[in-house]
Amino acid sequence: IDFKTDTLLNLVLVGENFLEGQGGIRAHKLNISGTGSLQITATDYEGIAGLGQSGDNLTIGSDVDITAMSGCAIAFNGSVRIENGATVKAKCLNGGIDCYDLTIDCATEVNLEAGYNAIFAHRDTNGTVAGTANIKNSKLVLKSDYPAFYAADGIEISGGSVKAESTSDAGIFTGGKLSITDADIDASGYNSGIISNGAMEMTGGK
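Read on for an overview of the structure. (Residues numbered from 1 in each chain as written. Predicted model: local features only at pLDDT ≥ 70, side-chain atom pairs only at ≥ 80, totals over all residues. Heavy atoms only, no water.)

Counting its regular elements, the chain contains 0 helices and 24 strands. In terms of overall dimensions, the chain has a C-alpha envelope of 40 × 35 × 30 Å along the principal axes. In the chain, which comprises 206 residues, the share counted as buried stands at 45%. In the chain, once contacts between residues fewer than 6 apart in sequence are set aside, the share between residues at least 24 apart is 34%. Put simply, the chain shows about 9100 Å² of open surface, and 45% of that area lies on carbon and sulfur atoms. (Helix = DSSP H or I, 4+ residues; strand = E, 2+ residues; numbered from the N terminus. Buried < 20%, exposed > 50% of the residue type's maximum accessible area, 1.4 Å probe, protein only. Contact = heavy atoms within 4.5 Å. Areas by Shrake-Rupley, 256 points an atom, 1.4 Å probe, with all protein chains shown as cover.)

The following block contains the structure:
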């Protein structure tokens, strides 16, 4: 489904919904909510993607399950937000969530298994937008080949738990500051569990 417009698309889920095709959903601004669930199977492209322009935006507040074995599960040139008790699961070839900045706030579970990075929060092409991740009171289970949880310019985790496993690199890797408050962390990797090129602070949790 391709929505080539700047208009916000509100997708309200009722009951079980299934979407199968070469790709899933492409939109500039997409808000997924409702009491139902959505299962996406994309054979050739991304499961949920922006239009590849600055300011792409995705908010998920419902249960979403994505299989994208030839691309990313979620890819947006902008922000991605998961909230409101949502459960998001994905299996994909490339990145699980590929975006500039990521917020996960009170998600029941975000479970991502990816060939590259399970989470990849990176800068935009000209470096004006930082790649950051902010995780609040949520459960994350991440597994990938490259760093399972990568953010170019900083990661903040408060409450909840994060399990990040990388088969060939670090479980959690940031080029900026890593701040952990009252969260349980289980990070493992081929090289290291955690790599932070900035300050690293941990208060509470384990």
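Taken together, the side chains of Leu 93, Tyr 116 and Tyr 146 present a nonpolar region at the surface, about 280 Å² in accessible area. As for its position among the elements, Leu 93 is in the loop between strand 10 (87-92) and strand 11 (97-99). (Patch = residues over 30% accessible without salt bridge, like charges linked within 9 Å, V, L, I, M, F, W, Y side chains within 5 Å. Salt bridge = Lys/Arg side-chain N within 4 Å of Asp/Glu carboxyl O.)

Moving on: the packing of aromatic side chains. The description of two aromatic rings rests on the distance between their centres and on the angle between their planes. Going through the model one piece at a time under the given rule, you end up with 3 aromatic pairs. Their ring planes at 75° and their centres at 5.2 Å tell us that Tyr 116 and Tyr 146 sit as a pair that is edge-to-face. Pair noted here: Tyr 116 is in the loop between strand 13 (109-114) and strand 14 (119-121) and Tyr 146 is in the loop between strand 16 (139-144) and strand 17 (149-151), with a separation of 30 residues, a long-range link. Accessibility expressed as a relative area gives 37% for Tyr 146, which makes it partly exposed. For the ring pair Phe 120 and Tyr 150, a centre distance of 5.2 Å and an interplane angle of 25° mean the geometry is stacked. A residue pair is termed long-range when its members are at least 10 positions apart, and Phe 120 in strand 14 and Tyr 150 in strand 17 qualify at 30 residues. An aromatic cluster is present here, built from Phe 120, Tyr 150 and Phe 173 joined pairwise through their rings. (Phe/Tyr/Trp six-rings, centres within 6.5 Å; stacked < 30°, edge-to-face > 60°.)

Judged by pairing direction, the sheet is parallel, and its 8 strands sit side by side in the order 2-4-7-10-13-16-19-22 without closing on themselves. Every other strand in the sheet has two partners, leaving strand 2 (16-21) and strand 22 (184-188) as the edge strands with one partner each. For this sheet, the mean inter-axis angle between neighbouring strands, taken without regard to orientation, is 5°. Looking at chain direction, strand 4 (residues 37-42) and strand 7 (residues 63-68) are connected through 6 bridges and run parallel. The partner of Ala 42 across the bridge, within strand 7, is Ala 68. (Pairing = 2+ DSSP bridges. Axes fitted to C-alpha atoms, helices over the stretch in contact; angles between N-to-C directions.)

So, on to the pairing of strand 15 (residues 132-136). On any regular strand, side chains alternate: one points to one face of the sheet, the next to the other face. Along strand 15, the buried face is formed by Ala 133 and Ile 135; none of Thr 132, Asn 134 and Lys 136, which line the opposite face, is buried. With 5 bridges joining them, strand 12 (residues 101-105) and strand 15 adopt parallel strand pairing. Across the sheet, Asp 105 pairs through a bridge with Lys 136, a residue of strand 15. Taken together, the 4 bridges between strand 15 and strand 18 (residues 154-158) define a ladder with parallel strand orientation. From the neighbouring strand, Lys 136 faces strand 18, where its bridge partner is Ser 158.

In this section: the pattern of salt bridges. Where charged atoms of side chains with opposite charge meet at close range, the side chains can pair. Summed over all chains, the structure comprises 4 salt bridges. The shortest N-O distance in the salt bridge between Arg 81 and Glu 83 comes to 2.6 Å. Exposure remark for Arg 81: the relative accessible area of 30% places this residue in the partly exposed category. Here Asp 105 ties to Arg 81 by a salt bridge, and the two come within 3.4 Å at their closest N and O atoms. Here the residue Asp 105 occupies a position in strand 12, and Arg 81 occupies one in strand 9 (residues 78-83), the gap between them amounting to 24 residues. A relative accessible area of 18% means that Asp 105 is categorised as buried. Ionic contacts of the salt-bridge type, sharing partners, join the residues Arg 81, Glu 83 and Asp 105 into one network.

Keep in mind these numbers describe shape, not what the thing actually does.
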